[in-house]
Amino acid sequence: MAAPSAVNCAEMFVRFALLEWKLKPLADDGATVIRHLVRSSVEGADKRSPRFLTVRLRLHRDVVVVELDDDRPGEPPELPGWTINTVALPGGHRTAWCELPLPTGLTGALPTRSPHRLPSPATEYPPQEPLPEPDFLDSQILQRVLHGLNGSAR
């Protein structure tokens, strides 16, 4: 959301992603750029109905691309020392981005799954045996549950 808290949230996201990608030397620059982009978007947002923002990081050849999608027309304010590009999208939206060059000899290492993390939902699991059907259903319990659900609006 284009609310003041979005600035800190976006910065934390960028720092975390760059650290996960083993690109710690870019964390401060990435945080500076995203703070600038998000702050300029938040300052121009309608406080009564803030819009959504989308922050993305992409590793592309020898740069990390820091992107922000929002609903503001035009260019964000300049950030000394950085080139910020913008493209207008249909519906009054825009994408603003900045490319952070990778330091010489450094390549991004996209994270591999930690052995302690669960696999992604796309991972295939071995078939499991179906759960046995219950021998009985207690109709009184079901009635109380339905009554509780229906009566919760009182």
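The structure reproduced in this document is the subject of the present report.

Conventions and cut-offs
Residues numbered from 1 in each chain as written. Predicted model: local features only at pLDDT ≥ 70, side-chain atom pairs only at ≥ 80, totals over all residues. Heavy atoms only, no water. Salt bridge = Lys/Arg side-chain N within 4 Å of Asp/Glu carboxyl O. Helix = DSSP H or I, 4+ residues; strand = E, 2+ residues; numbered from the N terminus. Buried < 20%, exposed > 50% of the residue type's maximum accessible area, 1.4 Å probe, protein only. Expected span 1.5 Å × (residues − 1). Contact = heavy atoms within 4.5 Å. Axes fitted to C-alpha atoms, helices over the stretch in contact; angles between N-to-C directions. Parallel < 35°, antiparallel > 145°, perpendicular 65-115°, else oblique. Left-handed = near helix turned anticlockwise from the far one by under 90°. Nonpolar A, V, L, I, M, F, W, Y, C, P; charged D, E, K, R; others polar.

## Here's the deal with the pattern of salt bridges
- Summed over all chains, the structure comprises seven salt bridges.
- Here Asp28 and Arg15 are joined by a salt bridge, their closest N and O atoms 2.9 Å apart. Placement of Asp28 in helix α2 (residues 27-43) and of Arg15 in helix α1 (residues 5-20) is noted, with a sequence separation of 13 residues between them.
- Look at Arg15 and you get partly exposed, because its relative accessible area is 27%.
- Through salt bridges with shared partners, a single ionic network connects Glu11, Arg15, Asp28 and Arg35.

## Digging into α2
- An ideal rise of 1.5 Å per residue puts 24 Å on 17 residues; α2 measures up with 24 Å between its terminal C-alpha atoms.
- Here α2 has its buried residues at Ala27, Gly30, Ala31, Val33, Ile34, His36, Leu37, Val38, Ser40, Ser41 and Val42.
- Where α2 is buried, its residues meet α1, β1 (54-60), β2 (63-70), β3 (84-89) and β4 (93-101).

## Quick notes on the packing of α1 against α2
- Put simply, α1 and α2 touch, their axes get as near as 8 Å, and they point 155° apart. Relative to α2, the element α1 lies roughly antiparallel. Both α1 and α2 take part in a crossing whose hand is right-handed. Residues Ala6, Val7, Ala10, Glu11, Val14, Arg15 and Leu18 of α1 form the contact with α2, whose own contacting residues are Ala27, Asp28, Gly30, Ala31, Ile34, Arg35, Val38, Arg39 and Val42.
- Taken together, the residues of the contact of α1 with α2 sort by class into 10 nonpolar, one polar and five charged.

Scope: geometric values only; no functional claims are made or implied.
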